[in-house]
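Architecture and fold: a report
So you can see what is in the structure, the chains are spelled out below.
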Amino acid sequence: MTVETPPSGIPEERSENAIELKDVAGLSQGQIIRRRFLRHRGAMAGLAVIALIALLAITSIGVGPVPGWWKHAPSDQNPLVNPQGTPTMGLPTWLGGDGLAFGDAPFGQDELGRDIFARTMQGTQTSLLVMIVVGSVSALLGMAVGALAGFYRGATDQVLMRLTDLIITFPLIVIGAVLGKMVGAAGPFILAVVLGAVSWTTLARLVRAEFLSLREREFVDAARVAGASDFRIIVKHMIPNAMGVVIVNTTLLMAAAVILEASLSYLGFGIQTGTSLGKMISDYEQAFNTRPWLFWWPGLFVIALALSINFVGDGLRDAFDPRQKKIPSARKMARAAGRMARQDAKATS
Amino acid sequence: MLMFLARRLMTSVLVVLVSTVVMYVLVDIAIDPLEDLRTDTRPGAEDRIAARTAMLDLDSPVLLRYLDWLSGASRCLIGSCDLGRDWRTGTPTTELLSGAVTTTLQLVTVATLLAIVLGVFVGIVSALRQYSGFDYGLTFVSFVLYSLPTFWVAVLLKQFLAIKFNDFLADPQIAWWFHALVVLGTATVVMAAVGGSAARRLRVFGVAALVSLAVMLYVDLTDFLVTPGLGIVLVGVLGVGMAFGITALSTGLSDRRSLYASLTVAALGVALYYPVLYLWYYVDASWPIVLGLGLLAVLVGLGVGLAWGGPDRWTVARTAALTALPVAGLLFVDRLMSSWDNYVDHGLIRGRPISTASRRTPGFDSGFWLNTLDLFGHLLLPTLTLVLISFASYSRYSRASTLEVLGQDYIRTARAKGLTERTVIMRHAFRNALIPLASIVPVDIITLVGGAVITERIFNWRGMGWLFANYLDQNVIDPIMGYLLVIAILAVVANFVADLFYAVLDPRIRVAA
């Protein structure tokens, strides 16, 4: 067997990831991350679904005093459109339905004649509110605790980390149930703040670990030599460098928050005034055999929300983590190699 | 090491103390023991409020009441616990807890074991086929499982796996499209998991489709769902299959001695089929006897392995013992299935074997085999619910840690020195991939024990979670505090065990004294 020696015109070394480097040449770190995120199909789909759900939930029944385009309010008791309150929404005929229709009660009505579409939308608004508030509160607290513990180490670290250990002792749903029972009557916003106040622990640990390694880096020394205060170093120099961890984990935490709130409300320790998807499922559970639509819709919206946030979180993790490189399939690799070989051949001929 | 233990114990006691103080205060604020009296409009309501306030000592500061509770709880150290009582019925908390702990353990043990075995297996396969269709599919499935609200799934399971399935059992007619779906689905999943070149995939697809078709036809033709049972032939076929499978994983099929040893074990299982049936006929079975026989089977397996001997007789013995356990399990399952008819036709079951609520059929006691079936019928749905949730996280963990391990230099070394792929995966990668799991599992179990609140509540299992949710709902503090105390202690122990495991399994980690 003879081995062909490569023609001398070819550059000797081809960096292993030449294709990838070419892809990101001349881009800043932020641009690379944004690009990776925007190319993540799952994350984009998730983002689109969240946006659609939020748009639907907010415009349909309106927010606060502002009315929406939907004709029924969540707590109105209307006469039944269909007997038993079955949904008026129809599938197109080619899917086996009675023709495409939306009707006066697309998701059906409950035994009191309340419109399930409006109620589901209100529950979704609650879920969205809880998700955003829990996310922001726990992101702020987690960042603050993790940053202080990691930056100052020593006694501060000990105190803050023992506090974290204390909260982790109990499963979140247990603490959540006690706190929910305490403040559930005060409305979803307060409940979300309180839940956020106990769900920052994982984030704090991660931020602390990040800070422990960041504080040894040269740019922190440089900032200190230039006379920056501790606060400025933490906020301006270190937190931006730890942002990847914060963003990814907050996103995943938001998905967990949606489910936590629904679970608490289902158990009766969550939202007591107003509508929550979990509470709807709990209220209508017994009616599964007679009125299954009461049960399906709120559940589907919880899953859609949690699933799409999880996908966004996954996309963010892939975007921020430099080790996560998507390896092309064998077929694509072979094709790329072939293309390169042809180019080389052209170059040498 | 002693220093380390002492310090650990000190901090643990502190954590438990502080967490109970905090929780006592929080729970005290959260609950309102007078709730039912406040809306009371009958005459004399104020007297009743005053009487209950005096009984529960509600006028004294919460911290004093905590100290009172603590002094009772601290007597646990000298063996006479006083954790208060449910003041409405007078039942002591200790009594409530002891029942609840066994119930929860029963539920959580099976679920955790299943979730770990399945999750780790699927996770490792997914890591070995990184970026394949199987891997992406699994990622998607685990995201979906993460996003499912437990209570919603549980209600659906109740509806479709219990009520509808019981209806179906009355007249089992499987539609043809269901057969097609199962056959194609199984074949696709197996094909994706095995991977390889296009020709190999096609071959695997064909074989898997044929096997699942055969299974479906067997189930159909023998009315397996109504009168399940394995029979001596099926025990033989499955036993030989297990012998091949386990040998392939444990030592590789090229090790002929191991293969022959495990085949001998399978043959022994077939030979003992009728003797064991006679044994059950004359002996009243119970869990100790069953477990003892299982142990005996392992010992017999070891003996068979040693008898085949060879240069590395303990490897052979290990393979044979590993085969003996599932073969013995087959005999057990076969005997259990033969009671199915009696169970389903029992007056208390009335043809609805899958139960939706509680731990046992009330008043049902018809001997070991029927009781075991009853237990399984009740365990099925809550276990499935718990497995669905834990499975996702275990498969993600084991996938991540396997990928991490597969990138290590010692794996490259192992491949470079010409070890077979099986040895590299099972010996070098698999064992090391389990190390991070060892620190996750204890903590996870505790979370399950404490956090099966929703599952227990929906399926009405009177375990720890049910106890907590129920008494929080009814504003009774003592049982809640008893529950929280147990959970706090368990959490501390679990963290300790996790650290210990980690230190034992990974020699690079030293216990800092």
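Residues numbered from 1 in each chain as written. Chains lettered and ligands numbered in written order. Predicted model: local features only at pLDDT ≥ 70, side-chain atom pairs only at ≥ 80, totals over all residues. Heavy atoms only, no water.

A word on the overall build of chain A. Of the regular secondary structure elements, chain A holds 13 helices and zero strands. Within the span of chain A, comprising 349 residues, buried residues form 46% of the whole. Put simply, 71% of the contacts in chain A that link residues at least 6 apart link residues at least 24 apart. Just so you have it, chain A exposes about 18,200 Å², and 62% of that area is on carbon and sulfur atoms. (Helix = DSSP H or I, 4+ residues; strand = E, 2+ residues; numbered from the N terminus. Buried < 20%, exposed > 50% of the residue type's maximum accessible area, 1.4 Å probe, protein only. Contact = heavy atoms within 4.5 Å. Areas by Shrake-Rupley, 256 points an atom, 1.4 Å probe, with all protein chains shown as cover.)

So, about the overall build of chain B. Secondary structure summary: chain B contains 21 helices and zero strands in total. Across its three principal directions, the C-alpha atoms of chain B cover 85 × 60 × 45 Å. By the burial criterion, 43% of the 513 residues in chain B qualify as buried. Roughly 26,000 Å² of accessible area belongs to chain B as shown, and the carbon and sulfur atoms make up 69% of that amount.

Here the focus is the pattern of salt bridges. Residues and elements named next belong to chain A. Under the defined criterion, the tally for this structure stands at 12 salt bridges over all chains. Here Asp 165 and Arg 205 are joined by a salt bridge, their closest N and O atoms 2.8 Å apart. Taken together, the positions of Asp 165 in helix H5 (residues 154-168) and Arg 205 in helix H8 (residues 201-214) put the pair 40 residues apart, joining distant regions of the chain. You can call Arg 205 partly exposed: its relative accessible area is 39%. (Salt bridge = Lys/Arg side-chain N within 4 Å of Asp/Glu carboxyl O.)

Counted according to the given criterion, the structure contains 30 aromatic pairs over all chains. On the numbers, 5.5 Å between centres and 45° between planes, the contact of Phe 332 of chain B with Trp 369 of chain B is tilted. Here Phe 332 of chain B is found in helix H14 (residues 313-337), whereas its partner Trp 369 of chain B is found in helix H16 (residues 367-406), with 37 residues between them in sequence. Residues Phe 332 of chain B and Trp 369 of chain B agree in their burial class; the two are buried. Every member of this aromatic cluster is reached through a ring pair, and the members are Trp 69, Trp 70, Phe 107, Phe 117, Trp 297 and Phe 301 of chain A. In this structure, Arg 215 of chain A packs its charged tip against the face of Phe 151 of chain A, placed 5.9 Å from the ring centre. (Phe/Tyr/Trp six-rings, centres within 6.5 Å; stacked < 30°, edge-to-face > 60°. Lys NZ or Arg CZ within 6 Å of the ring centre and 35° of its normal.)

In this section: the environment of Pro 188 of chain A. Residues and elements named next belong to chain A. Within the fold, Pro 188 resides in helix H7 (residues 188-196). Taking the relative accessible area as the measure of exposure, Pro 188 reaches 23% and is therefore partly exposed. Through-space distance from the C-alpha of Pro 188 to that of Gly 274 is 8.4 Å; in sequence the pair is 86 residues apart. Apart from the residues within four sequence positions on either side, Pro 188 is in contact with Thr 126, Leu 129, Val 130 and Ile 271.

Each side of the interface is counted separately: chain B has 42 residues, and chain A has 37 residues. For the pair chain B and chain A, the two sides together bury roughly 3,700 Å², of which 80% comes from carbon and sulfur. Together, Phe 143, Phe 151 and Trp 152 of chain B form the three largest contributors to the area buried by chain B at its contact with chain A, with a combined 19%. The interface formed by chain B and chain A holds zero salt bridges in total. Our count for the contact surface shared by chain B and chain A stands at six residue pairs in polar contact (both at pLDDT 80 or more). When residues in the side of chain B that touches chain A are grouped by element, the largest group, eight residues, is from helix H1 (residues 2-30) of chain B. (Buried area = accessible area lost by both parts, 1.4 Å probe. Polar contact = N/O pair within 3.5 Å; in protein donor to acceptor, adjacent residues only side chain to side chain.)

One full turn of an α-helix is made of 3.6 residues, so residues set three or four places apart face in the same direction. Helix length check: H5 of chain A (15 residues) gives 21 Å between terminal C-alpha atoms against 21 Å at 1.5 Å per residue, within 8%. Inspection of H5 of chain A places Asp 157, Leu 160, Met 161, Thr 164, Leu 166 and Ile 167 of chain A among the buried residues, and these make up the whole buried set. Residues of H5 of chain A that are buried make contact with helix H4 (116-152), helix H6 (172-183) and H8 of chain A together with H1 of chain B. (Expected span 1.5 Å × (residues − 1).)

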